[in-house]
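# Overview (structure and organization)
What follows is each chain in one-letter form.
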Amino acid sequence: MPPDAGAVPAETPLSLAFHRCIDGLVYGYALAGIRQGRPCWRRTDRPLILSWTEQAGWVVSDEAGTILSRPWDVEKAAQGALPPEGIWVSRKGDKSYVYVLHHDPAG
């Protein structure tokens, strides 16, 4: 689902970074607009999106909508207007990784 038209709140980070714990690899995400009334970000090197879903809260998904990553320690009911910083886990096939999400307001 493409992002909606609409203004992004001024306090929204322009970019986010997922730091993979096992090897320090960093994946960047750039602000991509609004989806379901909240900001969303696209990964800078692949067609993945970090966005809010009614079913699961903040998630990273592919173009087909398959959830690939989600926060580990923050349940949907406790998630706020932005994706929670801290530990996220991913799953792709038989591989899983632990990441730390950082908001990077400097862009």
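Residues numbered from 1 in each chain as written. Predicted model: local features only at pLDDT ≥ 70, side-chain atom pairs only at ≥ 80, totals over all residues. Heavy atoms only, no water.

## Some details on the pattern of salt bridges
According to the stated counting rule, one finds 2 salt bridges in the structure shown. A salt bridge links Arg 20 to Asp 23, with the shortest nitrogen-to-oxygen separation between them at 2.7 Å. Judged by relative accessible area, which is 12%, Arg 20 ranks as buried. With its nearest N and O atoms 2.5 Å apart, the salt bridge here joins Asp 45 to Arg 43. Judged by relative accessible area, Arg 43 falls into the buried class, the value being 12%. (Salt bridge = Lys/Arg side-chain N within 4 Å of Asp/Glu carboxyl O. Buried < 20%, exposed > 50% of the residue type's maximum accessible area, 1.4 Å probe, protein only.)

## Some remarks on the side chain of Gln 79
Among the structural elements, Gln 79 can be located in the loop between β6 (67-71) and β7 (86-92). Under the relative-accessibility criterion, Gln 79 is labelled buried at 10%. Reaching out from Gln 79, the side chain makes a polar contact with the backbone nitrogen of Trp 58 at a distance of 2.7 Å. Of the polar contacts made by the side chain of Gln 79, one reaches the backbone oxygen of Val 74; its length is 3.0 Å. (Helix = DSSP H or I, 4+ residues; strand = E, 2+ residues; numbered from the N terminus. Polar contact = N/O pair within 3.5 Å; in protein donor to acceptor, adjacent residues only side chain to side chain.)

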